[in-house]
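In case you want the letters, here they are:
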Amino acid sequence: QLSIFVQSMRLLDLAHNKIAHMGEELLALKNLRDLSFAGNRLQEVPAAIGGLKGLQQLWLHGNLLEELPEELGLLENLAILELHHNRLRSLPLSALARLHKLNWLFAHGNQLADGPGLIRTLSKLPRLKICGLGANRLDLSGVDLRGLRASYGLGWNLGLNPAEGVLSEQLTTTDLSWDRMSGGAEEELQDTLVVTFSAQGGPVA
């Protein structure tokens, strides 16, 4: 029974089981710092998750999630949030905007569609370093990605015009300071493909 660990438990790893629901007993572990439900069968995250205010790492990838609660924004100490390989159509932008300590966000392999709104929200997070948004349905046409502090993986979305010197479907990393990689003449510009894969076999970029 988890109740005897209410004060002492800091890490709880329940990854790769067949869990379909987060129990109330679990959400009473107020001193948790790391929580993993990766690779389960979760279809929802209860609003009570917002009570785990000490949480620093939350691993929810590889589930069946279609949405997340606004109470996610109450996790003010969250540094790592893994959401990839779910069925998310959107992320709660007002909640994300409150996660000022977030360093890593991985949400690739979903069905996210609001490219401009999501990029605009994430670009304002002061500590964000790495953000994986590849293999979604983001329309990035007209979105200026230059000057972003974090490194974004955006491959396998609707691309941008490479002639504008910004990210295209051929270039899947933002670690190159938006260098068009042209040695001189316009015709010398070459396409570059950077591909990495997650443990579940899906593209990370």
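Residues numbered from 1 in each chain as written. Predicted model: local features only at pLDDT ≥ 70, side-chain atom pairs only at ≥ 80, totals over all residues. Heavy atoms only, no water.

Visitor: Would you mind showing me how to read the overall build of the protein here?
Guide: Helix and strand counts for the protein come out as two helices and seven strands. Buried residues in the protein amount to 45% of all 205 residues. Excluding contacts between residues fewer than 6 apart, the proportion of contacts in the protein whose partners are at least 24 apart in sequence is 36%. Only carbon and sulfur atoms are counted for the fraction: they give 49% of the accessible area of the protein, which is about 10500 Å². (Helix = DSSP H or I, 4+ residues; strand = E, 2+ residues; numbered from the N terminus. Buried < 20%, exposed > 50% of the residue type's maximum accessible area, 1.4 Å probe, protein only. Contact = heavy atoms within 4.5 Å. Areas by Shrake-Rupley, 256 points an atom, 1.4 Å probe, with all protein chains shown as cover.)

Visitor: Explain the nonpolar core here, please?
Guide: One finds Leu-35, Leu-122, Leu-133 and Tyr-152 to be the most contacted residues of the largest nonpolar core, which totals 47 residues. Listed by contribution, the elements that provide at least two residues to this core are α1 (93-96) and α2 (115-122). Per-element accounting of this core gives the leading share, three residues, to α2. Those residues in contact with Leu-122 that lie beyond four places of it in its chain are Leu-96, Leu-105, Leu-128, Cys-131, Leu-133 and Tyr-152. (Core = buried A, V, L, I, M, F, W, Y, C linked by side-chain atoms within 4.5 Å.)

Visitor: Explain the confidence of the model for the protein here, please?
Guide: Caution applies to low-pLDDT parts of the model: their predicted coordinates are not meant to be read in detail. Across the protein, the average pLDDT comes to 81, with 76% of residues at 70 or higher. Across residues 164-187 the pLDDT falls below 50, and counting only partners more than four positions away or on other chains, this stretch makes 53 contacts in the model. Within the model, the stretch residues 196-205 combines pLDDT values under 50 with 28 contacts to residues more than four positions away or in other chains. (pLDDT = per-residue confidence, 0-100.)

Visitor: Before we go on, may I ask you to explain the sheet that holds strand β6 (residues 130-132) in this structure?
Guide: Remark on secondary structure: sheet strands pair via backbone hydrogen bonds, oriented parallel or antiparallel. Judged by pairing direction, the sheet is parallel, and its seven strands sit side by side in the order β1-β2-β3-β4-β5-β6-β7 without closing on themselves. If you trace the sheet from one side to the other, it starts and ends with β1 (11-13) and β7 (151-153), each paired once. With direction set aside, neighbouring strand axes in the sheet form an average angle of 5°. Across three bridges, the pairing between β6 and β7 is parallel. (Pairing = 2+ DSSP bridges. Axes fitted to C-alpha atoms, helices over the stretch in contact; angles between N-to-C directions.)

Visitor: Explain unusual backbone geometry to me, please; I cannot follow it from the model alone.
Guide: Most of the time, phi is negative for any residue but glycine, and the peptide bond is trans. Residues other than glycine seldom take positive phi values, yet Ala-135 does so here, at roughly 55°. Residue position: Ala-135 is located in the loop between β6 and β7. In the Ramachandran plot, Trp-156 falls in the positive-phi region, its phi being about 65° despite a non-glycine side chain. For Trp-156, the position within the fold is in the segment after β7.

Visitor: So what exactly am I meant to see when it comes to the packing of aromatic side chains here?
Guide: In this description, an aromatic ring pair is defined by two values, namely the gap between the centres and the angle between the planes. Scanning all chains against the criterion turns up one aromatic pair. A ring pair is formed by Trp-104 and Phe-106, whose centres lie 6.1 Å apart and whose planes are at 70°; its orientation type is edge-to-face. (Phe/Tyr/Trp six-rings, centres within 6.5 Å; stacked < 30°, edge-to-face > 60°.)

Visitor: I would appreciate a short explanation of the side chain of His-84 in the present structure.
Guide: Here His-84 is to be found in the loop between β4 (80-82) and α1. Overall, the relative accessible area of 7% leaves His-84 in the buried class. In this structure the side chain of His-84 is engaged in a polar contact, spanning 2.6 Å, whose partner is the side chain of Glu-82. The residues touching His-84, leaving out its near neighbours within four places in the chain, are His-61, Gly-62, Phe-106, Ala-107, His-108 and Asn-110. (Polar contact = N/O pair within 3.5 Å; in protein donor to acceptor, adjacent residues only side chain to side chain.)

Visitor: In this structure, what is going on with the pattern of salt bridges? I would like to understand it.
Guide: Working definition: two side chains of opposite charge can pair if their charged atoms are close together. Counted under the stated rule, the structure contains one salt bridge. Its salt-bridge partner being Glu-66, residue Arg-89 comes within 3.4 Å of it at the nearest N-O pair. On the criterion of sequence distance, the pair formed by Arg-89 in the loop between β4 and α1 and Glu-66 in the loop between β3 (57-59) and β4 is long-range, its members being 23 residues apart. Exposure remark for Glu-66: the relative accessible area of 38% places this residue in the partly exposed category. (Salt bridge = Lys/Arg side-chain N within 4 Å of Asp/Glu carboxyl O.)

Visitor: Could you clarify how one ought to interpret α2 in this entry?
Guide: What sets the pattern is the α-helix's 3.6 residues per turn: residues three or four places apart point alike. Most of α2 sits out of view: six of its eight residues are buried. Of the residues making up α2, those classed as buried are Gly-115, Gly-117, Leu-118, Ile-119, Thr-121 and Leu-122. For α2, the secondary structure elements touched by its buried residues are α1, β5 (104-106), β6 and β7. Capping of α2 at its N-terminal end is provided by Asp-114; its side-chain oxygen lies 3.1 Å from the backbone amide nitrogen of Gly-117.

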